[in-house]
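# Architecture and fold: a report
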Amino acid sequence: MAGEPQADCLFCKIVSGEVPATVVRETDTTVAFRDINPQAPTHILVIPKVHYPDAASLAAAEPQVAADVLGGAGAVAVDEKLVETGYRVVFNTGSGAGQTVFHAHAHVLGGRGLNWPPG
């Protein structure tokens, strides 16, 4: 059921503490941790503690939690000192866009120049 932890979801297992992660920030509704396959010098994922497969379904069902994820991304950028040099927040949706874990999450990327268009 949407919003409920999924037994086969890596990010739900990180939220529960079953799978370790390098957590850099945690709130009542979100967890932020370093990506194990970083695509930039700073690459942190911000996830909601509730399970939704992508950002759009999270925003439709729980808009305040979606806002918390985005606010968490901004807080991570401040904590990691990315604000002055710039950073990118990315939500991949679907396998064709590169989503590999189907639990809504934001990528916070920074620490190097980020060209446009990406990829």
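Going by what an unreviewed UniProt entry lists, the protein chain is known as Histidine triad (HIT) family protein and is assigned to Streptomyces melanosporofaciens.

## So, a nonpolar patch on the surface
There is a patch of nonpolar side chains on the surface, built from L70, V78, V83, Y87, V89 and F91 and spanning about 510 Å² of accessible area. Elements with a contribution of two residues or more to the nonpolar patch: α3 (63-79) and β4 (87-90). Of note, L70 is situated in helix α3.

## What about the pattern of salt bridges?
Within the structure shown, the criterion is met by three salt bridges. A salt bridge links R25 to D79; its shortest N-O distance comes to 3.0 Å. In this pair, R25 is assigned in strand β1 (residues 23-26) and D79 in helix α3, connecting sequence segments 54 residues apart.

## Quick look at the UniProt feature "active site" (unreviewed entry) in the protein chain
Taken from the UniProt record, the annotation "active site" (unreviewed entry) applies to H105. Following the sequence through the fold, H105 ends up in the loop between β4 and β5 (106-110). Judged by relative accessible area, which is 6%, H105 ranks as buried. Not counting residues within four places of it along the chain, the set of residues in contact with H105 comprises F11, L45, V46, I47, V90, F91 and Q99. Of note is the side chain of H105, whose polar atom sits 2.6 Å from the backbone oxygen of H103.

What counts as what
- Position numbers for residues count from 1 along each chain, tracking the sequence in the order it is written.
- A pLDDT threshold of at least 70 governs which residues receive local features in this predicted model, and a stricter bar of 80 or more applies before side-chain atom pairs are shown or counted, although totals over entire chains, interfaces and linings include all residues.
- Hydrogen atoms and water are omitted, and side-chain values are computed over all heavy atoms in the structure.
- What makes a patch is a set of residues exposed beyond 30% relative accessible area and free of salt bridges, joined within 9 Å when like-charged and within 5 Å when nonpolar (Val, Leu, Ile, Met, Phe, Trp, Tyr).
- Working definition of accessibility: Shrake-Rupley area with a 1.4 Å probe, residue cover restricted to the visible protein chains.
- Every case where a carboxyl oxygen of Asp or Glu lies within 4 Å of a side-chain nitrogen of Lys or Arg is listed as a salt bridge.
- Strands here mean DSSP runs of E at least two residues long; helices mean DSSP runs of H or I at least four residues long; both are numbered from the N terminus.
- UniProt positions are given in the numbering used here, feature names are shortened, and annotations may be inferred rather than shown by experiment.
- Accessible area is worked out with a 1.4 Å probe on protein chains only. A residue is then buried under 20% of its type maximum, exposed over 50%, and partly exposed in between.
- Contact definition: two residues touch when any of their heavy atoms are within 4.5 Å.
- Contacts described as polar in this section are N or O atom pairs within 3.5 Å, which, within protein, must combine one atom able to donate a hydrogen with one able to accept it, while residues neighboring in sequence count only if both atoms come from side chains.

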